[in-house]
Amino acid sequence: MSGPAAADTRADKGWRESLATYTHPRVVTFLFLGFSAGLPFLLVFATLSAWLREYGISRTAIGFISWIGITYSFKFVWSPVVDRVPLPLLTRWLGRRRSWMLLAQAGIAGGLLGMSFCDPRTDLWGLVVLALVVAFSSATQDIALDAFRIEATDASLQGATAATYQLGYRIAVLAAGAGALYIAEFGSWPIAYQSMAALGLVGIITTLIVSEPERQVAAGTSELEGKVATFAAGLGTMPMWVRKALIFVYGAIVCPFVDFFARYGWMAVVLLLFIGLFRLSDIAMGVMANPFYIDMGFSLSQIANVSKIYGFVMSILGALLGGVLVFRMGAARLLAPAVFLIAVSNLTFSWLALVGQPDTLILTVAISVDNLVGGMSGSIFIAFLSGLTNTAYTATQYALFTSIMTLPGKLMGGSSGWIVDKLQAEFSSAHKFGGYAIFFLYTALLGLPALVLAMIVRRRFEKETPPS
């Protein structure tokens, strides 16, 4: 039995054994690789929005610029290239996964360094182009790194690996969030981004040190891959370059998708729809979080202290809790509670908006709930997605899942600044931050479709669970 249902059979394992999984060398490795994955995200998202807002860029423009993040949602387009195409010299030296990881990490560091020399007031388009370079390199790193993570550990360690990956990711988010804000306040934004570029060395060094995982082929995959040879034989006397191109498309693009739909049938459509809606509430509101804090009157250091540093602690607790819960209960059983809590956590920001002043205590409560839930649901969802993949097509299939996961939220997030501007214009006369309060309520309601789908998905995978 493979997939998310297999994880449910481990429910009777003790807490001590569950916690011991965090000492496995491969699990520890992902603390550093998770850091590499998390570093660039805020620097082209929330931290960038704070930089732009402080320099007087409008909320509407900030919202549209956040569409840079859609790059992550289309990474499945070039994931077959990362999965199959070797890089000259690098692949022979490092292997197919680490070579792409290193190339992407170099792009991230270089792009961040370039951003540090841009002034949004005079060179906004240059900044946007370099942010796109960072986002594209980051998405490429995610493709290779997710495949590396799934292939480097067996199913019993996926929950713990997801948790340590998230731990490293959250540490990087802390550096790119609180760290960058502190440096910007007491130094400057250029120095902040130069410091972040230097932190890119963490991923580069780790990639050079770790070993390449052995390639595994799941049962039934050889038969599917054999069809590639049959397909090639039927191409007749076509030019060699045409034959090679068609063989690549069939083996790298067609086979991964055929495999997924063959294994799950009609449920594959439900799964893809659920994956796309799982984090919709969270992502749709994320673009406006820092502009909201700044508009309310919080200083950059206050945002860093509460939203970033304290929020980091809560997110790590949530990630570790989620990893242990997955090991004991299985990911599928936890999906519906996770969706519900993600949506409800947005209401705490509506509460803060209705207070109408920069109340640090209420901000702390809101950040506590939001980050604890975010960390826990992240571990649950990563483990669930990992169980859906076939190791023969890890990069392509996982890239598809994570692309779909972020696309709806990113599309809606791009218009979030425009929505807030309209709501503020309509309701600010009744309440100073009434538009923000309604906006956060609206993002919470976006979680309802995912909640329904989560219960359908759970029933499907519980049917596959063998008796204990």
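Rules used in this analysis
- Residue positions within a chain follow its written sequence, with the count starting from 1.
- With the structure being a predicted model, the display of local features is reserved for residues of pLDDT at least 70 and the display and counting of side-chain atom pairs for 80 or more, all residues being used for whole-chain, interface and lining totals.
- In computing side-chain properties, one takes all heavy atoms of the structure into account and sets aside hydrogens as well as water.
- What counts as a helix is a DSSP run of H or I of at least four residues, what counts as a strand is a run of E of at least two, and both are numbered from the N terminus.
- A 1.4 Å probe rolled over the protein chains alone gives each residue an accessible area, and that area as a share of the maximum for its type sets the label: buried under 20%, exposed over 50%, partly exposed in between.
- Between two residues, a contact is recorded if the distance between any of their heavy atoms is within 4.5 Å.
- Here the Shrake-Rupley method, with its probe set to 1.4 Å, supplies the accessible areas, and only the displayed protein chains count as covering residues.
- In this description, a nonpolar core means a group of buried Ala, Val, Leu, Ile, Met, Phe, Trp, Tyr and Cys residues linked to one another through side-chain atoms lying within 4.5 Å.
- Aromatic rings from Phe, Tyr and Trp, taking only the six-membered ring of Trp, are treated as a pair when their centres fall within 6.5 Å; an angle between ring planes under 30 degrees marks them as stacked, one over 60 as edge-to-face, and anything in between as tilted.
- We count a charge as sitting over a ring when the NZ of a lysine or the CZ of an arginine lies within 6 Å of the ring centre and within 35 degrees of the ring normal.
- Each axis is a line fitted through C-alpha atoms, and for a helix only the stretch in contact is used; angles between axes span 0 to 180 degrees, taken between their N-to-C directions.
- Geometric relationships in this document are graded by angle, where less than 35 degrees denotes roughly parallel, more than 145 denotes roughly antiparallel, 65 to 115 denotes roughly perpendicular, and other angles denote oblique.
- Note on convention: near helix rotated counterclockwise from far helix by under a right angle means a left-handed crossing. Clockwise means right-handed.
- Note on residue classes: Ala, Val, Leu, Ile, Met, Phe, Trp, Tyr, Cys and Pro are nonpolar, Asp, Glu, Lys and Arg are charged, and everything else, Gly too, is polar.
- By definition, no residue in a patch forms a salt bridge, and every one has over 30% relative accessible area; like charges are joined within 9 Å, nonpolar side chains (Val, Leu, Ile, Met, Phe, Trp, Tyr) within 5 Å.
- Take a side-chain nitrogen of Lys or Arg and a carboxyl oxygen of Asp or Glu: if they are within 4 Å of each other, that pair is a salt bridge.
- Pairing of N or O atoms within 3.5 Å defines a polar contact, subject to two protein rules: one partner must be a possible hydrogen donor and the other a possible acceptor, and residues neighboring in sequence count only if both atoms are side-chain atoms.
- Confidence of the prediction at every residue is given by pLDDT, a number between 0 and 100.
- Think of it this way: the bend at a residue is just the angle between two axes, each fitted to seven residues, one set ending at that residue and the other starting at it.

Draft legend 1. How the structure looks around the overall build of the chain. Regarding its fold elements, the chain presents 26 helices and zero strands. Buried positions account for 58% of the 468 residues belonging to the chain. If you take every contact in the chain between residues at least 6 apart in sequence, the share linking residues at least 24 apart comes to 83%. About 18400 Å² of surface is accessible on the chain, with carbon and sulfur atoms providing 70% of the total.

Draft legend 2. Representation of the nonpolar core in the model. If you look at the biggest cluster of nonpolar residues, it comprises 130 residues, and the most contacted ones within it are F274 and F384. Ranked by residue count, the leading element in this core is helix α22 (residues 360-388), at 13 residues. V27, A160, A163 and V324 belong to the second largest nonpolar core, which has six residues in total.

Draft legend 3. Highlighting the packing of aromatic side chains. One pass over the full model with this rule turns up 26 aromatic pairs. With a centroid separation of 4.9 Å and 40 degrees between ring planes, the pair formed by W51 and Y193 is classed as tilted. Here the residue W51 occupies a position in helix α4 (residues 46-54), and Y193 occupies one in helix α12 (residues 189-199), the gap between them amounting to 142 residues. By relative accessible area, W51 is classed as buried at 0%. Measuring from centroid to centroid gives 5.7 Å for F274 and F278, while their planes differ by 80 degrees, and the two rings are edge-to-face. Taken as a pair, F274 and F278 share a single burial class, namely buried. Joined through ring pairs, the aromatic side chains of F292, Y293, F298, F349, F433, Y436, F439, F440 and Y442 make up one cluster. Between R149 and the ring centre of Y165, over which it is positioned, the NZ or CZ distance is 5.6 Å.

Draft legend 4. Structural view of the packing of helix α3 (residues 25-43) against α12. The contact between α3 and α12 brings their axes to 10 Å, and the two run at 160 degrees. Judged by the angle between their axes, α3 and α12 are roughly antiparallel. Crossing hand, α3 versus α12: left-handed. Contacts between α3 and α12 pair F35, L39 and L43 from the former with Y193, M196 and L199 from the latter. Split into classes, the residues belonging to the contact of α3 with α12 amount to six nonpolar, no polar and no charged.

Draft legend 5. Local environment of a nonpolar patch on the surface. On the surface, a cluster of nonpolar side chains totalling about 590 Å² of accessible area is made up of F340, L341, V344, L347, L441, L445 and L448. The dominant element in the nonpolar patch, judged by the number of residues it contributes, is helix α20 (residues 335-345), at three residues.

Draft legend 6. A look at the pattern of salt bridges. A complete count under the given rule lists 13 salt bridges for this structure. Residue D142 is joined to K75 by a salt bridge in which the shortest nitrogen-to-oxygen separation is 3.8 Å. Here the residue D142 occupies a position in helix α10 (residues 124-152), and K75 occupies one in the loop between α6 (70-73) and α7 (79-84), the gap between them amounting to 67 residues. The same class applies to D142 as to K75, namely buried. Bridged by salt links that share partners, the residues R53, R59, D295 and D421 form one connected network.

Draft legend 7. Quick look at the side chain of S377. Checked against the element boundaries, S377 lands in helix α22. For S377, the side chain forms a polar contact with the main-chain oxygen of V373, separated by 2.9 Å. Residues contacting S377, with those up to four places away along its chain left out, are F278, A338 and I342.

Draft legend 8. View of the confidence of the model for the chain. The share of residues in the chain with pLDDT of 70 or more is 84%, and the mean pLDDT across the chain is 83. No element of the chain has a lower mean pLDDT than helix α1 (residues 4-7), at 49, and none a higher one than α12, at 96. Within the model, pLDDT remains below 50 along residues 6-12, and this stretch shows 22 contacts once partners closer than five positions in the same chain are excluded.

Draft legend 9. Spotlight on the environment of I62. Its place among the elements puts I62 in helix α5 (residues 59-65). For the pair I62 and P291, spaced 229 residues apart in sequence, the C-alpha to C-alpha distance is 9.0 Å. Contact partners of I62, with chain neighbours within four places excluded, come to S49, L52, R53, I57 and V287.

Draft legend 10. Geometry of the packing of α3 against helix α13 (residues 201-209). Interaxial distance between α3 and α13 falls to 8 Å at its minimum, and their mutual angle equals 140 degrees. Taken as axis vectors, α3 and α13 run oblique relative to one another. The way α3 lies across α13 gives a crossing that is left-handed. On α13, the residues that touch T29, F32, L33, F35 and S36 of α3 are V202, G203, T206 and T207. Considering only residue class, the contact of α3 with α13 consists of four nonpolar, five polar and no charged.

Draft legend 11. Structural detail: α3. The sharpest bend along α3 measures roughly 30 degrees and falls at F32. Buried residues dominate α3, accounting for 15 of its 19 residues.

Draft legend 12. Focus on the side chain of S301. Looking at where S301 falls in the secondary structure, it is placed in helix α19 (residues 300-329). Reaching out from S301, the side chain makes a polar contact with the side chain of S299 at a distance of 3.0 Å. Leaving out residues up to four positions away in the same chain, S301 has contacts with Y182 and E185.

Draft legend 13. Fine view of the environment of T91. Structurally, T91 can be placed in helix α8 (residues 90-94). Among all residues touching T91, those that are not within four sequence positions of it are P86, R96 and S99. For T91, the side chain forms a polar contact with the side chain of S99, separated by 3.2 Å.

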